[in-house]
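Analysis of the macromolecular model
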Amino acid sequence: MQLATHSRADVLPGVVPSLLLCCVQKLAHKLIKYGPKKVRLAQLSVLHRFALEALLDVLVVKNALNDNVLPYVLTRQTQRLCLEGCSQLRRCLLNTIGHSCPNLRVLDVRGCQQVDNRIVRDVLQNCEHLSALRLEGCTRISDTAFAPALWKPPLAGLLGLEELSIGKCGQVTAEGLLGCVMKGAPLLKVLGLAFCRLMVTDDVAAELLFNFGLESLDLSGCSQITDVPFRARSHSMLRELHVASTQISDAAIESFAPSAPNLEVFNAASVIKLSDRSIVALADSCKFLRTLCICNTQVTDAAFEAIVQCRRLECLDASWCVRATARALEILAGGASAADRLDAKRNAGTDGRSSAPCLRELKLEGLGGVTLDFGPDVLLARPDPWKFTAKGGMGGSSPTWMQLRLPADPPSMLLPPPATILSPPLHWRSEKSTQDDWAHSCEMLPPSCADVSAAQAATHIAPSVCLMNLTVLYGRSLEQVLLDGVRNVVDAPVLQAIADNCPLLQQLALSFSAPVLHEGSQGSGQDCDAALGLALRAVGAECRHLSRLSLDSASRPHRALIAPLAPPSFPRLTSLSLCCSKSGGLLDQELELILGDRVGLETLELRNCEGISEALFSKWCHRESHDEARVVEQLDQALLSSLTFGYGGAPKPSLLDFAATELEAPSARLLRRRQHPRCAAALALRSVSYFSLGGVSALSDRSTDALAELLHDAQTVKVWGCALLTEDALRSFRKGCRYLRSVTIVTRDRTLSWTAATSGVKRHRHRRSSFHNSGSSGTDD
């Protein structure tokens, strides 16, 4: 009976959910909607283990697990208990996990700040088969959780423990880690110590890197470690290393890479001192490297020359590498041999497999971002022809293409110092420019462009063409393509190439640049918009597994993107992020077209929505007609009350009439609340769990209350750029969204925020202190 993967069937594309999963989802829906009125909670413990664990996963994801359901889920047959983010559960119920689930193997309580030492120690004492314990974010945990109590036997759960995560547990010390955890857990292979700044020192890091036989180590955020522990030994068994947001340099990676030849995952995000030398060392020594994360580092285009030599690489994250340029796409597309490229083109329409690397995830968001905010983008698709000889001379043939996003005179402090003399730039239109003028202007360019020789500049091709070649080469295996923030790369042919070559694509993030009309071209802006719309529609039709889509159209009109986004295009879409143009913004009818008949949408992010009116969400809730009727009734009463003088005037309304009006008003209000929205766009918002809305200047507290009613199951809400909102909007979201985790409202002069985790901890402390009299000390025994 294949039920082991039931909990992931709803997220994996192409996987048909089993009958068990469908029944569990229906049971969870009824339990969330009606509670114990229609579901006998005592019967939950009779369910099969897989069904019970799947039900628990659905309730946790929906943030609907409460104290009434949890006791019936904790049974002797439970082996996996995932309670991540359930900060609303009471501590007295969590204390029973160890005794109620003796066969527990995986416990995940990340983000549960109410978990303390007693809960963890009871689990380790009673669960002998425990293999994974994830405590990241449990700030109350200290060394006492991993040490046996007085007159108690050693903790049996540590003996078989293979995975432990205690990130952000600031009370755990180095002595407790090395003395209690590492010595008490001889089979430990995976250890997470993210943001444990006081615990992890150079001596501790050296011991963990080489001595305990760990296979995965997370030292992210441990900013106090230096390069010294990476040179301590000559051999390490690590297969996965995370050193994001640390202060190490290239010397540490150059020393550690030869000692860890089996390294498969390397994460060095936001390591400012990391440069091309580290990437070259990893490519030379770690032949099994599968995942490489170097986002927000100092690597340049030269690092991508070494990356293409990693033939086993599957995931590459080089987002916000500001010293790299769009030439990185050309390097990645040209890294394979001609035979690999020919094989990829030959198998583009078949199920054959090429010998090219199976790159599944490509994240290059904000590549070369240092040049994005200096001024308007300059794109010259047909510059004057340049010809460079080996000696640096110039001729008049072989036109080249190159994008340049530097302003005419950028501030000197925003650019790194120049390195070498570059080849002439292609943004000069005049053929009368001399070599001396070029030598004088090259001082403005960053070092990432300084490595381009004259011979290489003559062979540059358009970044859009490079992206097309990249999709042809890796398209059969690509699942994620994130190019958000990379300008002047995406056009209609690129979208068509993605639709033709990427059938397994699941996530796509693109940025569109302003349309450029060339001299002598017969087309118009409408023709460009029509071609772009057709290409985007082809992506929605061919990439049937696409579930996450992010489109940035801030630099060009977004009208051409609205119709292709409307259903039935992108049928599996669960996450949509749309940044509209700043001129006009998103309109009411455009939002209704995007959300109409959309099913299963979980994440919705909308930016630059100046065109949305104040009455849109009220209309979706059918409040407009009720409000109009109430206004008319109030006007009638005002007219009748004013006609109280003179002979034959209308009589004053009696007290019975006023009483009848007051009795009818609450019933109308309740009836309005109980009505379900019939608008197709409003129905699409009921499944959204993450909602972000920006730039709606007309949004008021009244429309926010209607929006809160539409976002019935939302867990995270962010509203910014709305100057008219007050604290009443925050109260509306807390009242209307029943499973809310956090809400943030950014107004003109302040920021209003609320978090369920913080308020839950404060509520527990207040309840405890209220049990004691004014003369007591307020401490527990």
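In case you missed it, the structure is sitting above this.
Quick caveat: nothing in here was measured; it's all calculated off a predicted structure. (Residues numbered from 1 in each chain as written. Predicted model: local features only at pLDDT ≥ 70, side-chain atom pairs only at ≥ 80, totals over all residues. Heavy atoms only, no water.)

Let us look at the overall build of the protein. Of the regular secondary structure elements, the protein holds 27 helices and 22 strands. Across the 781 residues in the protein, those meeting the buried criterion constitute 48%. A separation of at least 24 residues holds for 75% of the contacts in the protein among residues at least 6 apart in sequence. A total of about 37,400 Å² of accessible surface is found on the protein, and carbon and sulfur atoms cover 54% of it. (Helix = DSSP H or I, 4+ residues; strand = E, 2+ residues; numbered from the N terminus. Buried < 20%, exposed > 50% of the residue type's maximum accessible area, 1.4 Å probe, protein only. Contact = heavy atoms within 4.5 Å. Areas by Shrake-Rupley, 256 points an atom, 1.4 Å probe, with all protein chains shown as cover.)

On to the environment of Gln247. Checked against the element boundaries, Gln247 lands in the loop between β7 (240-242) and α9 (250-256). The spacing of Gln247 and Thr226 is 21 residues in sequence and 6.3 Å in space, taken between C-alpha atoms.

This part is about the side chain of Asp317. Considering the arrangement of structural elements, one finds Asp317 in strand β10 (residues 315-317). As a buried residue without a salt bridge, Asp317 has its nearest oppositely charged side chain in Lys363, at a separation of 4.7 Å. If near-sequence neighbours (up to four positions away) are discounted, Asp317 is found in contact with Leu292, Cys293, Ile294, Cys295 and Lys363. (Lys, Arg positive; Asp, Glu negative; His and termini not counted. Salt bridge = Lys/Arg side-chain N within 4 Å of Asp/Glu carboxyl O.)

Moving on: the pairing of strand β19 (residues 690-694). The two faces of the sheet receive side chains in turn, since in a regular strand these alternate between them. Among the five residues in β19, four count as buried, and that is most of the element. Pairing of strand β18 (residues 603-607) with β19 involves four bridges; the strand directions are parallel. By the bridge assignment for β19, Glu605 is matched with Ser692. Inspection of the sheet shows β19 paired to strand β20 (residues 716-720) by five bridges, in the parallel sense. Counterpart to Leu693 in the pairing with β20 is Val719. Following the backbone out of β19, through helix α25 (residues 701-710) and into the adjacent parallel β20, one traces a crossover that is right-handed. (Pairing = 2+ DSSP bridges. Right-handed = clockwise from strand over helix to strand, strands pointing away.)

Where like charges cluster on the molecular surface, the positive patch consists of Lys26, Lys30, Lys33 and Lys38. Tracing the chain through its elements places Lys33 in helix α1 (residues 19-34). (Patch = residues over 30% accessible without salt bridge, like charges linked within 9 Å, V, L, I, M, F, W, Y side chains within 5 Å. Charge placed at Lys NZ, Arg CZ, Asp CG, Glu CD.)

Following the criterion strictly, the structure yields three aromatic pairs and no others. With a centroid separation of 6.1 Å and 70° between ring planes, the pair formed by Phe210 and Phe256 is classed as edge-to-face. Here Phe256 lies in helix α9 and Phe210 lies in helix α8 (residues 202-210), a separation of 46 residues in the sequence. For Phe210, a relative accessible area of 12% gives the class buried. (Phe/Tyr/Trp six-rings, centres within 6.5 Å; stacked < 30°, edge-to-face > 60°.)

Another point: unusual backbone geometry. Residue Pro568 is reached from Pro567 by a cis peptide bond, and omega for that bond is 15°. By secondary structure assignment, the location of Pro568 is in the loop between α19 (559-565) and β17 (575-579). Here the phi dihedral of Ser270 falls at roughly 60°; this positive angle occurs in a residue that is not glycine. Secondary-structure assignment places Ser270 in the loop between β8 (265-267) and α10 (276-285). One non-glycine residue, Asp597, lies in positive phi territory at about 60°. Within the secondary structure, Asp597 is located in the loop between α20 (588-595) and β18. Looking at Asp597, the relative accessible area reads 63%, which means it is exposed.

Taking every second residue as pointing to the same face, the buried face of strand β21 (residues 742-746) carries Val743 and Ile745, while none of Ser742, Thr744 and Val746 on the other face is buried. Across five bridges, β20 lies against β21 in parallel orientation. Across the sheet, residue Val717 finds its bridge partner in β21, namely Val743. With respect to chirality, the unit in which β20 leads through helix α26 (residues 727-736) into the neighbouring parallel β21 is right-handed. With five bridges connecting them, β21 and strand β22 (residues 751-755) associate as antiparallel partners. Within β22, the position partnered with Ser742 by the bridge is Thr755.

Turning our attention to the pattern of salt bridges. As enumerated under the stated definition, the model contains 23 salt bridges in all. Asp552 is the salt-bridge partner of Arg487, the closest N and O atoms lying 3.6 Å from each other. Placement of the pair is Arg487 in the loop between β14 (480-482) and α17 (492-501) and Asp552 in strand β16 (residues 548-552), with a sequence separation of 65 residues. We note that Arg487, like Asp552, is buried. Asp713 serves as the salt-bridge partner of Arg738, at 3.3 Å between the closest nitrogen and oxygen. Here Asp713 lies in the loop between α25 and β20 and Arg738 lies in the loop between α26 and β21, a separation of 25 residues in the sequence.

So, about the state of the cysteines. Taken as a whole, this structure holds zero disulfides when the rule is applied. No disulfide involves Cys293; its sulfur sits 3.8 Å from that of Cys295, the nearest cysteine. On the basis of relative accessible area, Cys293 is assigned to the buried category, the value being 11%. (Disulfide = S-S within 2.5 Å.)

Another aspect to go through is the packing of α1 against helix α2 (residues 49-61). Here α1 crosses α2 at 50°, and the two axes come no closer than 9 Å. One way to sum up the angle between α1 and α2 is to call them oblique. Between α1 and α2 lies a crossing whose hand is right-handed. Contacts between α1 and α2 pair Leu20, Val24, Leu27, Ala28, Leu31 and Ile32 from the former with Phe50, Ala51, Ala54, Leu55, Val58 and Leu59 from the latter. (Axes fitted to C-alpha atoms, helices over the stretch in contact; angles between N-to-C directions. Parallel < 35°, antiparallel > 145°, perpendicular 65-115°, else oblique. Left-handed = near helix turned anticlockwise from the far one by under 90°.)

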